[in-house]
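Here is what each chain is made of, one letter per residue.
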Amino acid sequence: MFHRILVANRGEIALRVIRAAREMGIDTVAVYSKADEGAAYLELADERICIGPGPSSQSYLSIPSIIAAAEVVDVDAIHPGYGFLSENAEFAQTCRDHGIEFIGPEAETMRKLGDKATARDIAKQAKVPVVPGSDGLVQDEKAIVEVAERIGYPVLIKATAGGGGRGMRVANGRIALVNAWHQARAEAQAAFGESGVYVEKYLERPRHVEIQILADGRGRIVYLGERECSVQRRHQKLVEEGPSPGINDSMRRAMGRAAVKLAKAAGYKGAGTCEFLVAGKEFYFIEVNCRIQVEHPVTELITGIDIVREQIRVAAGEKLSFDQGDVKVKGHAIEARINAEDPARGFRPSPGLITRFIAPGGPGVRLDTHVHAGYKVPPNYDSLLAKLIVHAPTRQAALDRMARALDEFTIEGIKTTIPLHREIVRNAFFRKGDYDTGFLDEYLAG
Ligand code: MV4
């Protein structure tokens, strides 16, 4: 097992990794930028080291700065958290080239799956259902028109280097399609330095359901149930829950098996997520996320498995200590993401000093946060302040528990998404489980 790991991230996920490591008897080194200097959570690491100024490009995204820090403090491994360098294949490779284990999949796996058209190809090869669409990238106008007229409009053009919704264009007919194709390519080139695009049938208001997987790279791959993530705005999730209220046991099992098949075909190692869209009675693979995700606690609460701990164990070369038959989903969990944003003003970031902070607690309540009264939310980064996760025997009980916990939660000094969550959890459609990816926009539009 590792003796010391460096946590190449900040905020709540840095703290989550520090906690897992501490329970495993592994020392931690936290890195921080000037904008995070003095943050209380940094004191919970065994050591901390400044890696640069506030801008991410010169700190949390700087491979040389992080590798230099890791060399100075002499760690065995680096945990990348989510965001920043977590899905950067070059970073994974650089870590390993320096004799430092990257806590995540092989660089080559990340490269393949990070390219969405390649991930789609791997899925198809593995007989995992994908949305009807192109075979690989579409190379010219003629090819895209052919694909569109075979599958029927509307179609969705996606950047192969994209993901999380960036670089997508819907087209409803031939003329629009050719324009959209040129626009999508230009946009992808500008955003990702890679113009490759592929096409899929556009699904109207699908559900977004994802499967958590764990692979030890030694032959064992398990799925840990699913999370329903359809409550989102501009590809930012607000609420996640598990099990999904929108699928039945037969789809659940088929999706889990599909995720494992895909992971096997890709030679996956570590914790990962296979994303699917659900439309009617069908589900379709769309992307793999090669990282621990924000919403992983939902799965931890319903399975009792510490995913970050397992991620560290398999990175250190240990086998998974359980198999699929040992994974039992118990009860229901819901997560509310608490962001420093003002929903009344278009979710404008609301950084600044937290003057009052009263945390919810009691039975079945988990709060993952690095903030407290007196904490100053820096303007530089993602606005996630806290994740409130509840667990209860049934979905109804979990909804009531979430409503109660949100009512206990007080944050003053800045605007947060807490009031919006109080409304969502009481919304009749949400409570019935009758929602899809169009729910939040529709709700906000009134
Ligand atoms: C789609 C789709 C409809 N049809 N693909 C958005 C993020 C990226 N991961 C995939 N996304 C979508 N892909 C086809 N063929 C609709 C979306 C989509 C979406 C997906 C998941 C969660 C929220 C979403 C919001 C808008 C669009």
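None of these values were measured; they are calculated from a predicted model.

### So, the domain arrangement of the chain
Alright, step 1. Here the domain parsing of the chain yields domain 1 (4–101), domain 2 (132–201) and domain 3 (207–445).
Alright, step 2. Distance between the C-alpha centres of domain 1 and domain 3: 23 Å.
Alright, step 3. One can count 5 salt bridges joining domain 1 with domain 3.
Alright, step 4. For arginine 291, the salt bridge goes to glutamate 87, with nearest N and O atoms at 2.4 Å.
Alright, step 5. For the interface between domain 1 and domain 3, the tally reads 10 residue pairs in polar contact (both at pLDDT 80 or more).
Alright, step 6. Residue contributions to the side of domain 1 that touches domain 3 peak at 8 residues, all from helix α1 (residues 11–23).
Alright, step 7. Tallied by class, residues from the side of domain 1 that touches domain 3 come to 15 nonpolar, 9 polar and 7 charged.

### Quick word on the packing of aromatic side chains
Alright, step 1. Taken as a whole and assessed by the stated rule, the structure comprises 11 aromatic pairs.
Alright, step 2. Seen in terms of ring centroids, phenylalanine 276 and phenylalanine 283 are 5.5 Å apart; in terms of plane orientation they differ by 80 degrees. Their pairing is edge-to-face. Phenylalanine 283 shares its class with phenylalanine 276; the two are buried.
Alright, step 3. Counting every residue linked through ring pairs, the aromatic cluster contains Phe430, Tyr435, Phe439 and Tyr443.
Alright, step 4. Taking the ring centre of tyrosine 435 as reference, the NZ or CZ of arginine 207 above it sits at 5.1 Å.

### Notes on the site of the ligand
Alright, step 1. Lining the immediate environment of the ligand, one finds 18 residues, of which Lys158, Glu200, Lys201, Leu203 and Glu287 sit closest.
Alright, step 2. In this structure, a nitrogen atom belonging to the ligand sits 2.7 Å away from a main-chain N or O atom of lysine 201.
Alright, step 3. Separating a nitrogen atom of the ligand from a side-chain N or O atom of glutamate 287 is a distance of 2.9 Å.
Alright, step 4. Burial of the ligand by the surrounding chains reaches 90%, relative to a free accessible area of 520 Å².
Alright, step 5. Secondary-structure elements contributing two or more residues to the shell around the ligand are β6 (155–163), β8 (197–201), β12 (270–279) and β13 (282–289).

### Structural notes on the nonpolar core
Nonpolar side chains tend toward joint burial in soluble globular proteins.
Alright, step 1. Within the largest apolar cluster, 129 residues are counted, with the highest numbers of intra-cluster contacts made by Leu6, Ile78 and Phe276.
Alright, step 2. Element by element, the count of residues in this core is highest for helix α8 (residues 249–266), at 8 residues.
Alright, step 3. Counting residues domain by domain, this core receives three or more from each of domain 1 (4–101) and domain 3 (207–445).
Alright, step 4. When sequence neighbours within four positions are dropped, the list of residues in contact with leucine 6 reads Val29, Val31, Ile66, Ala69, Ala70, Val73, Val75, Ala77, Ile78 and His79.
Alright, step 5. Of all hydrophobic cores here, the second largest spans 16 residues; its members include Val138, Val155, Val178 and Ala180.

### A look at the sheet that holds β6
Alright, step 1. Spatially, 3 strands are ordered β7-β6-β8 in an open sheet, and the strand pairing comes out antiparallel. Whereas interior strands pair on both sides, the edge strands pair on one side only; in this sheet they are β7 (166–171) and β8. Strand-to-strand twist across the sheet, computed as the mean angle between neighbouring axes with direction ignored, equals 25 degrees.
Alright, step 2. Judged from the 5 bridges that link them, β6 and β7 form a sheet pairing that is antiparallel.

### What to know about the pattern of salt bridges
As a working rule, side chains carrying opposite charge can pair if their charged atoms are close by.
Alright, step 1. Tallied over the full model, the rule gives 41 salt bridges.
Alright, step 2. Put simply, aspartate 135 and lysine 124 hold a salt bridge, and the shortest N to O gap is 2.5 Å. Taken together, the residues span a long stretch of sequence, with aspartate 135 in the loop between α5 (116–125) and α6 (141–151) and lysine 124 in helix α5 at a distance of 11 residues.
Alright, step 3. With relative accessibility at 65%, the residue aspartate 135 sits in the exposed group.

### Observations concerning the layout of surface pockets
Alright, step 1. As a volume, the second largest pocket reaches approximately 260 Å³.
Alright, step 2. In terms of lining, the second largest pocket is formed by Tyr223, Leu224, Gly225, Glu226, Pro243, Asp249, Arg252, Arg253, Gln324, Val327 and Val329.
Alright, step 3. Counting only elements with at least two residues in the lining of the second largest pocket, the list comes to β10 (221–233) and α8.
Alright, step 4. Partitioned by chemical class, the residues of the lining of the second largest pocket number 5 nonpolar, 2 polar and 4 charged.

### Looking at the side chain of threonine 273
Alright, step 1. Mapped onto the elements of the fold, threonine 273 is located in strand β12.
Alright, step 2. Classification of threonine 273 as buried rests on a relative accessible area of 0%.
Alright, step 3. Among the polar contacts listed, one links the side chain of threonine 273 to the side chain of arginine 227, at a separation of 3.2 Å.
Alright, step 4. Sequence-distant contacts of threonine 273, defined by excluding residues within four places in its chain, comprise Glu210, Ile211, Gln212, Ile213, Arg227, Glu287, Val288, Asn289 and Gln293.

### Description of the sheet that holds strand β3 (residues 47–52)
Alright, step 1. The strand order β3-β2-β1-β4-β5 describes an open sheet built from 5 strands, whose pairing is parallel. Each edge of the open sheet is held by one strand with a lone partner, namely β3 and β5 (101–102).
Alright, step 2. Judged from the 5 bridges that link them, strand β2 (residues 27–33) and β3 form a sheet pairing that is parallel. Across the sheet, the residue bridging to valine 31 is isoleucine 49, located in β3.
Alright, step 3. Sitting on the sheet, α1 touches β1 (4–7), β2 and β4 (77–79), and the angle it makes with β1 is about 170 degrees.

Each value, and the rule that gives it
Residues numbered from 1 in each chain as written. Predicted model: local features only at pLDDT ≥ 70, side-chain atom pairs only at ≥ 80, totals over all residues. Heavy atoms only, no water. Domains from an automatic or database assignment. Salt bridge = Lys/Arg side-chain N within 4 Å of Asp/Glu carboxyl O. Polar contact = N/O pair within 3.5 Å; in protein donor to acceptor, adjacent residues only side chain to side chain. Helix = DSSP H or I, 4+ residues; strand = E, 2+ residues; numbered from the N terminus. Nonpolar A, V, L, I, M, F, W, Y, C, P; charged D, E, K, R; others polar. Phe/Tyr/Trp six-rings, centres within 6.5 Å; stacked < 30°, edge-to-face > 60°. Buried < 20%, exposed > 50% of the residue type's maximum accessible area, 1.4 Å probe, protein only. Lys NZ or Arg CZ within 6 Å of the ring centre and 35° of its normal. Near = heavy atom within 4 Å. Areas by Shrake-Rupley, 256 points an atom, 1.4 Å probe, with all protein chains shown as cover. Core = buried A, V, L, I, M, F, W, Y, C linked by side-chain atoms within 4.5 Å. Contact = heavy atoms within 4.5 Å. Pairing = 2+ DSSP bridges. Axes fitted to C-alpha atoms, helices over the stretch in contact; angles between N-to-C directions. 1 Å grid on protein atoms, 1.4 Å probe; cavity = no way out; pocket = protein on both sides within 12 Å on 5 of 7 lines; lining within 4 Å. Points joined across faces, edges and corners; volume = space filled by probe spheres on them.

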